[in-house]
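An overview of the molecular structure
Chain by chain, the residues:
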Amino acid sequence: MPLNRTVVAGLAGLCLLLVGLISAVGLNLARASDPIPAAAYDCLPPQTQITKLWGLVETDAGRYALIGAGEGETYQEVLIYLDPQSTCRLLLPEDDPVLSHYIPLDLARELALHRYTQVLQEQGGRDAYQQQLTEYLMAAPEGTRSQFPPEYLWALEQLGLELPPNHYEVLP
């Protein structure tokens, strides 16, 4: 009988070890297939539960990643610069959503275009997103306007989307 208990305990320990290894391998495989550069995670807000790569632009000086860092359904935009050694630096403070305040306008536009191209795919295409966007802006209380950075307005225009006049304002 003592031998059977020893065998059962050993098998149980082996099963726990295998489950742990499978979990670790699964996590590493998920991270390996993640399009977000691994070094960028060092610059994400600590409470981040969900990440979504909205845009990645590579230049001779490094890479710029626009990431949605979220908790549930709410996302904060995070702009991260990765130098050639993959050291990250957070560029976009929470209180200023204008990318072109921190990077050249052409890079900001490219990231914005990547972001809205992805949004169109997620929301069912251009027509579906146009309708959602228009309804959202038109439903705002009187005197309330949504604010858009200039590079986002440029990206929306490039994708053939129109905002209803007098229902938004451009951030300086």
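Before reading on, note that the structure itself is shown above.
This section reports on the structure supplied with the text. (Residues numbered from 1 in each chain as written. Predicted model: local features only at pLDDT ≥ 70, side-chain atom pairs only at ≥ 80, totals over all residues. Heavy atoms only, no water.)

Per the stated rule, a full pass over the model turns up five aromatic pairs. Relative to Tyr168, the ring of Phe148 lies with its centre 6.1 Å away and its plane at 85°, an arrangement referred to as edge-to-face. Of this pair, Phe148 sits in strand β5 (residues 146–148) while Tyr168 sits in strand β6 (residues 168–170), placing them 20 residues apart in sequence. Grouped by ring-pair contacts, the aromatic residues Tyr116, Tyr129 and Tyr152 constitute a single cluster. The ring of Tyr116 has Arg115 sitting right over it, with the charged end atom 5.1 Å from the ring centre. (Phe/Tyr/Trp six-rings, centres within 6.5 Å; stacked < 30°, edge-to-face > 60°. Helix = DSSP H or I, 4+ residues; strand = E, 2+ residues; numbered from the N terminus. Lys NZ or Arg CZ within 6 Å of the ring centre and 35° of its normal.)

Another aspect to go through is unusual backbone geometry. Non-glycine residue Ser86 carries a positive phi angle of around 65°. Within the fold, Ser86 resides in the loop between β3 (74–82) and β4 (88–90). The residue Asn166 is not glycine, and still its phi comes out positive at about 65°. With respect to the helices and strands, the residue Asn166 is situated in the loop between α4 (150–158) and β6. Looking at Asn166, the relative accessible area reads 59%, which means it is exposed. (Buried < 20%, exposed > 50% of the residue type's maximum accessible area, 1.4 Å probe, protein only.)

Before going further, it helps to examine the layout of surface pockets. In this approach, a probe sized like a water molecule rolls over the atoms, and the result shows the empty space that is left. The computed volume of the largest pocket comes to approximately 780 Å³. Elements supplying a minimum of two residues to the lining of the largest pocket: β1 (50–59), β3, α2 (105–122), α3 (126–138) and β5. A per-element tally of the lining of the largest pocket places α3 first, with five residues. Along the lines of polarity and charge, the residues of the lining of the largest pocket split into 15 nonpolar, five polar and six charged. (1 Å grid on protein atoms, 1.4 Å probe; cavity = no way out; pocket = protein on both sides within 12 Å on 5 of 7 lines; lining within 4 Å. Points joined across faces, edges and corners; volume = space filled by probe spheres on them. Nonpolar A, V, L, I, M, F, W, Y, C, P; charged D, E, K, R; others polar.)

The full count for this structure, using the stated rule, is three salt bridges. Across the pair Glu122 and Lys52 runs a salt bridge whose closest N-O atoms are separated by 3.3 Å. Here the residue Glu122 occupies a position in helix α2, and Lys52 occupies one in strand β1, the gap between them amounting to 70 residues. In this structure Glu122 comes out as partly exposed when scored by relative accessible area, which is 40%. Across the salt bridge formed by Arg126 and Asp127, the nearest N and O atoms sit 2.9 Å from each other. According to the relative accessible area criterion, Asp127 is exposed, its value standing at 55%. (Salt bridge = Lys/Arg side-chain N within 4 Å of Asp/Glu carboxyl O.)

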